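An overview of the molecular structure
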Amino acid sequence: MAELIVALDLASTAEVKKMIELLGNTVDFYKIGLELFSAEGPDVVRAVKAYNKKVFLDLKLHDIPRTVERAVTSGAALGVDLMTIHSVGGRAMIKAAKDAALAAGAHAPKILAVTALTSLDQSDLTDIGVLREMKAQVEAMGLLACSNGADGIVCSPKEVANMRRILGPAALLVTPGVRPAGADVGDQKRVATPGQAVRDGSTHLVVGRPILEAADPRAAALAIAAEMKA
Ligand code: C5P
């Protein structure tokens, strides 16, 4: 069954604790991104783990294999459950991330790859020397990542069905940009409802503002969880 991950796009550990306490047993999985991690460091991961919650540490690692390997080792030591790398870091870097995760044994984090940032368009790809169409680039990067040890990819709602077909049944497909039916879409351009994303093959949905900014975050999380099962 697909899992809901709440993006902790908040400014401080104090706000994070408040939100986790408010959501209580409605949410078991939280995403910590670069902004919060840069502000609060590994202590914010420890704070979330102290509630016995799963952590998706979304740092989108892209460096030489040895450095990525060590960063994954550090993440695993913190007890994180999911970590992101960039597939454009290449084969050796992807393998190094996976090897470091596996070395953590029972607490091995799963490794997710970013294929192409959704902030890039075709002309940005041309600028960096990628001459394939965006769709082909996403497919190629997903295959590169998963055939070198990544457990899955981050993918937009519009890519889910195709990437499920291409990567097969075992891949994790983690999908942001999800909005409950009728919700404010904010700055997300390509949105899908939770039910649609799960039917298309998402294993995890990442939701931020529709829960964080709701008048009643707990009710909003419950409604999204219900939509995911529908
Ligand atoms: O508030 P919202 O539900 O849009 O938050 C979605 C989360 O997923 C944010 O943490 C955002 O950075 C992340 N994300 C995204 N779109 C991508 C990649 C990541 O919204 N293409």
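This text goes with the structure placed above it.
Residues numbered from 1 in each chain as written. Predicted model: local features only at pLDDT ≥ 70, side-chain atom pairs only at ≥ 80, totals over all residues. Heavy atoms only, no water.

**Observations regarding the packing of helix 1 (residues 13-23) against helix 11 (residues 217-229)**
Convention followed: Fitted lines through C-alpha atoms serve as axes, helices being fitted only where they are in contact, and the angles separating the N-to-C directions of these axes extend from 0 to 180 degrees. Helix and strand assignments follow DSSP, with helices taken as H or I runs no shorter than four residues and strands as E runs no shorter than two, numbered in order from the N terminus. Throughout, the term roughly parallel applies to angles under 35 degrees, roughly antiparallel to angles over 145, roughly perpendicular to angles from 65 to 115, and oblique to all others. Two helices crossing with the near one rotated counterclockwise from the far one by less than a right angle form a left-handed crossing, whereas a clockwise rotation gives a right-handed crossing. Residues are treated as being in contact if the distance between any of their heavy atoms lies within 4.5 Å.
At a closest axis distance of 8 Å, the pairing of helix 1 and helix 11 adopts a crossing angle of 60 degrees. Taken together, the axis directions place helix 1 and helix 11 in an arrangement best described as oblique. Note on packing geometry: the crossing formed by helix 1 with helix 11 is right-handed. Of the residues in helix 11, those in contact with M19, L22 and L23 of helix 1 are P217, R218 and A221.

**Quick notes on the site of the ligand**
Condition: Distances are taken per atom, and a residue is near a molecule or strand as soon as one of its heavy atoms is within 4 Å of it. Residues adjacent in sequence count toward polar contacts only when both atoms are side-chain atoms; beyond that, a polar contact is any pair of N or O atoms within 3.5 Å, and within protein one must be able to donate a hydrogen and the other to accept it. Accessibility throughout is a Shrake-Rupley quantity obtained with a 1.4 Å probe, and a residue counts as covered only by protein chains that appear here.
All residues adjacent to the ligand are A7, D9, K31, T118, P176, R179, Q188, V206, V207, G208, R209 and P210. In the environment of the ligand, an oxygen atom lies 3.0 Å from a nitrogen or oxygen atom belonging to the side chain of K31. Contact with the protein chains covers 78% of the free accessible surface of the ligand, which is 460 Å². Sorting the residues of the shell around the ligand by element identifies strand 8 (204-207) and helix 10 (209-212) as the ones contributing at least two each.

**Brief notes about the pattern of salt bridges**
Inclusion rule: One speaks of a salt bridge when a side-chain nitrogen belonging to Lys or Arg is within 4 Å of a carboxyl oxygen belonging to Asp or Glu. Note on exposure labels: buried denotes an accessible area under 20% of the residue type's maximum, exposed denotes more than 50%, and partly exposed covers the range between, all computed with a 1.4 Å probe on protein chains only.
This model, assessed by the stated rule, comprises eight salt bridges. The salt bridge partner of D58 is K60, with a shortest N-O separation of 3.0 Å. Since its relative accessible area comes to 7%, D58 is described here as buried. Its relative accessible area of 31% is what places K60 among the partly exposed residues. Where salt bridges share partners, they join K31, D58 and K60 into one cluster.

**A short note on the pairing of strand 2 (residues 29-33)**
Moving residue by residue along a regular strand, the side chains alternate between the two faces of the sheet. Test applied: In this description, strands pair whenever DSSP reports at least two bridges between them. The path from the first strand over the helix to the second decides the hand: if it runs clockwise while the strands point away from the viewer, the crossover is right-handed.
Counting buried residues in strand 2 gives five out of five residues, a clear majority hidden from the surface. Here strand 2 shows a buried face lined by F29, K31 and G33 and a second buried face lined by Y30 and I32. One ladder, built from two bridges, connects strand 1 (residues 3-7) with strand 2; its direction is parallel. What sits directly across from A7, in strand 2, is K31. A crossover connection joins strand 1 to the parallel strand 2 through helix 1; in handedness this β-α-β unit is right-handed. As paired strands, strand 2 and strand 3 (residues 54-61) are joined by five bridges and run parallel to one another. By the bridge assignment for strand 3, Y30 is matched with V55.

**Notes on the nonpolar core**
Inclusion rule: Note on terminology: a nonpolar core comprises buried Ala, Val, Leu, Ile, Met, Phe, Trp, Tyr and Cys residues joined through side-chain atoms within 4.5 Å.
Core analysis: the largest hydrophobic core is formed by 59 residues, its most contacted members being L4, I32, V72, I85 and I211. For I211, the contacting residues outside a window of four places in its chain are L4, V6, L23, P217, A220, A221 and I224. Counting residues in hydrophobic clusters, the runner-up holds nine residues, among them A7, L82, V174 and V206.

**A closer look at the pairing of strand 1**
Within strand 1, four of the five residues are buried, which leaves it mostly tucked inside the rest of the structure. Here strand 1 pairs with strand 8 via four bridges, running parallel. Within strand 8, the residue paired with L4 across the bridge is L205.

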